[in-house]
Amino acid sequence: MKVPFLDLKAHHAPLRGHFKSAIADVIDSGIFAGGPAVADFEEAFAAFCKCDYAVGLGSGTEAVWLALLACGVGPGDEVITVPSTFMATAEAITYCGAKPVFVDVDERTYTMAPDGLARALTSRTKAIVPVHLFGQIADMDPILKFGRQHGIPVIEDAAQGHGAEYKGRRAGSIGEIGCFSFYPGKNLGALGEAGAIVTNNLELAEKIRILRDHGQARKYHHTVVGWNCRMDAIQGACLAIKLKHLERGNELRRAHAARYTAAFNAVEEIVAPFEAECARHVYHVYAIRVPDRDEVMRQLEAKGIGCGVHYPVPVHLQQAYASLEHARGAFPVSEQIAQEFLSLPMFPELAQAQVDYVIETVTEIVNSGVMA
Ligand SMILES: *Cc1c(COP(=O)(O)O)cnc(C)c1O
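What you are looking at is a predicted structure, and each value in this text was computed from that prediction instead of being measured.

So, how was this worked out
- Residues numbered from 1 in each chain as written.
- Predicted model: local features only at pLDDT ≥ 70, side-chain atom pairs only at ≥ 80, totals over all residues.
- Heavy atoms only, no water.
- Helix = DSSP H or I, 4+ residues; strand = E, 2+ residues; numbered from the N terminus.
- Rg over C-alpha atoms; globule rule 2.2 N^0.38 Å.
- Buried < 20%, exposed > 50% of the residue type's maximum accessible area, 1.4 Å probe, protein only.
- Contact = heavy atoms within 4.5 Å.
- Areas by Shrake-Rupley, 256 points an atom, 1.4 Å probe, with all protein chains shown as cover.
- Pairing = 2+ DSSP bridges.
- Axes fitted to C-alpha atoms, helices over the stretch in contact; angles between N-to-C directions.
- Phe/Tyr/Trp six-rings, centres within 6.5 Å; stacked < 30°, edge-to-face > 60°.
- Lys NZ or Arg CZ within 6 Å of the ring centre and 35° of its normal.
- Parallel < 35°, antiparallel > 145°, perpendicular 65-115°, else oblique.
- Left-handed = near helix turned anticlockwise from the far one by under 90°.
- Nonpolar A, V, L, I, M, F, W, Y, C, P; charged D, E, K, R; others polar.
- Patch = residues over 30% accessible without salt bridge, like charges linked within 9 Å, V, L, I, M, F, W, Y side chains within 5 Å.
- Salt bridge = Lys/Arg side-chain N within 4 Å of Asp/Glu carboxyl O.
- Lys, Arg positive; Asp, Glu negative; His and termini not counted.
- Charge placed at Lys NZ, Arg CZ, Asp CG, Glu CD.
- Near = heavy atom within 4 Å.
- Polar contact = N/O pair within 3.5 Å; in protein donor to acceptor, adjacent residues only side chain to side chain.
- Domains from an automatic or database assignment.
- Buried area = accessible area lost by both parts, 1.4 Å probe.

To continue, consider the overall build of the protein. Helix and strand counts for the protein stand at 13 helices and 14 strands. Here the C-alpha atoms of the protein give a radius of gyration of 21 Å, agreeing with the 21 Å that 2.2 N^0.38 yields for 372 residues. Going through the 372 residues of the protein one by one, you find that 56% of them count as buried. At a minimum sequence separation of 6, the contacts of the protein that also span at least 24 residues come to 70%. As presented, the protein carries roughly 16,100 Å² of accessible surface, and 53% of it is formed by carbon and sulfur atoms.

Here's what the structure looks like:
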């Protein structure tokens, strides 16, 4: 049996007719950069996130970048985030001219450990960016409390958390601004590149609308220096179609994850994902931890099972950040999990027989003791 890591074709096949007519409508409208198709999607996505405003952008990286700029982050400032994330979170901080300052993650949820914040705080700290890694929301209440105490905004990197919940609140609606990516492989993915921010703060939404369009509040009247971060209209139109299927997709992901986890919890060498009681995890990535990960992965791939590693090198040890001079051992949890993480096939259209084959095969490999 073959089990791909991800199968976008299966996800898109039933929607092809809808995509075709939506794309035809955009072509007929003649409006391709922003415009009504994007505005309609923004309205629907804001409602989905239980937020007042959404602003469509060109990517998730731009979402984090413009969110930070709108909060006034600039050269000489520091922004606190985690090393266990995709590079883009830190890149966005650097592209504001600010410095990423890391706090380690919790060893069960893999999200920002709030008790590390006090040590990372300086007089230059201008924002905190927790990451909802793999689809589980960070422990936001203590993070928000810390932010309030020190007058620092909390910006959610929700690029992996579309539809995730924390104490009944939706990802993106909890901090000052929520940042989303619609990279094709995300739980809500475009047919190309796209991203968005959501917020309940009208002033911040307006600032980001201006920043995404060359700093112009009115055509050819530029109040600030911005950039071109507009959402493509074809992406907006297709995202509006896919948004209607997001909840169902998330429910299917959760069902596959529950089946995986029930089985893996019975295997001593495997650490299955931990779902915090107050969190609704949406399993953008289903990652287990195993000893001798690379060998397990090699054997799984030989048996037709696609896997991935998210992420093999924590951000503070990336060559690009050598100038930050973080030694190995600086963030021990992030470093340990980077060596053990193994992402298994996870997408809504997985068949139960495929899930069972993955369970059987992983268990067999781990129990065969090859990894001693
Ligand atoms: C995907 C991702 C991003 C970047 O989104 P793009 O749309 O690829 O620019 C940022 N942060 C996290 C945590 C991500 O997973």
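Past the structure itself, the notes keep going.
All right, on to the sheet that holds strand 5 (residues 155–157) then. Taken in spatial order, the 4 strands line up as 1-9-8-5 in an open sheet, and their pairing is mixed. Here the strands that pair on one side only, and so sit at the sheet edges, are strand 1 (53–57) and strand 5. Across this sheet, the average inter-strand angle for adjacent strands is 20 degrees, counted without regard to direction. Sheet topology note: the strand 8 (residues 177–181)/strand 9 (residues 195–199) ladder contains 5 bridges and is antiparallel. Bridging across to strand 9, Cys 179 finds its partner in Ile 197. Along the sheet, helix 8 (residues 202–211) contacts strand 1, strand 8 and strand 9; its crossing angle with strand 1, the most-contacted strand, is approximately 15 degrees.

Looking now at the packing of aromatic side chains. Centre distance and the angle of the planes are the two values used to describe a pair of aromatic rings. This model, assessed by the stated rule, comprises 15 aromatic pairs. Taking the centre distance of 5.5 Å and the plane angle of 20 degrees together, the rings of Phe 41 and Phe 45 count as stacked. One end of the pair is Phe 41 and the other is Phe 45, both in helix 3 (residues 36–48) and 4 residues apart, which spans about a single turn. Judged by its relative accessible area of 0%, Phe 45 falls in the buried class. Taken together, the ring pairs connect Phe 41, Phe 45, Phe 48, Phe 180 and Phe 182 into an aromatic cluster. For the cation-ring pair, Arg 108 lies above Phe 274, with the distance from its terminal atom to the ring centre recorded as 3.9 Å. Its end group placed over the ring of Phe 48, Arg 170 keeps NZ or CZ at 4.5 Å from the ring centre.

The next point concerns the packing of helix 10 (residues 246–264) against helix 13 (residues 352–367). Interhelical geometry of helix 10 versus helix 13 gives an angle of 25 degrees and a closest axis separation of 10 Å. Of the possible angle classes, the one that applies to helix 10 and helix 13 is roughly parallel. Considering only the axes of helix 10 and helix 13, their crossing is right-handed. Residues His 256, Arg 259, Tyr 260, Ala 263 and Phe 264 of helix 10 pack against Gln 352, Val 355, Asp 356, Val 358, Ile 359, Val 362 and Thr 363 of helix 13. Its residues placed into classes, the contact of helix 10 with helix 13 shows 7 nonpolar, 3 polar and 2 charged.

Together, Asp 106, Glu 107, Asp 115 and Asp 139 line one region of the surface with negative charge. One can find Glu 107 in the loop between strand 3 (99–102) and helix 6 (117–120).

Turning our attention to the site of the ligand. Around the ligand sit 14 residues, and of these Gly 60, Thr 61, Gln 160, Ser 181 and Lys 186 come closest. Measuring from an oxygen atom of the ligand, one finds a side-chain N or O atom of Thr 61 at 2.4 Å. Coverage of the ligand by the protein chains reaches 94% of its 380 Å² of free accessible surface. Those elements that place two or more of their residues in the shell around the ligand are helix 4 (60–70) and helix 5 (88–94). Partitioned by chemical class, the residues of the shell around the ligand number 5 nonpolar, 7 polar and 2 charged.

Structurally, Arg 253 can be placed in helix 10. Buried charge Arg 253 goes without a salt bridge, the closest partner of opposite sign being Glu 349 at 6.8 Å. For Arg 253, the contacting residues outside a window of four places in its chain are Asn 187, Val 282, Tyr 283, His 284, Met 346, Phe 347 and Pro 348.

Enumeration over the complete set of coordinates arrives at 17 salt bridges. Glu 42 serves as the salt-bridge partner of Arg 212, at 2.9 Å between the closest nitrogen and oxygen. Highlighted residues: Arg 212 in the loop between helix 8 and strand 10 (216–218) and Glu 42 in helix 3, separated in sequence by 170 residues. Salt bridges sharing common partners tie together Glu 165, Arg 170, Glu 247, Glu 251 and Arg 280.

The next subject is the side chain of His 310. Topologically, His 310 is positioned in the loop between helix 11 (293–302) and helix 12 (332–340). Of the residues examined, His 310 reaches a relative accessible area of 18% and is grouped as buried. Dropping the residues within four chain positions of it, His 310 is found in contact with Phe 5, Phe 134, Val 285, Phe 341 and Ser 343.

A word on the domain arrangement of the protein. Taken domain by domain, the protein consists of domain 1 (8–243) and domain 2 (246–367). A straight line from the C-alpha centre of domain 1 to that of domain 2 covers 24 Å. Between domain 1 and domain 2, the contact holds 41 residues from the first and 36 residues from the second. Between domain 1 and domain 2 lies a buried interface of about 3,300 Å² when both sides are counted; carbon and sulfur atoms form 62% of it. In terms of surface lost to domain 2, no three residues of domain 1 exceed Tyr 110, Phe 134 and Asn 187, which account for 22% of the buried area on that side. Our enumeration of links across domain 1 and domain 2 arrives at 1 salt bridge.

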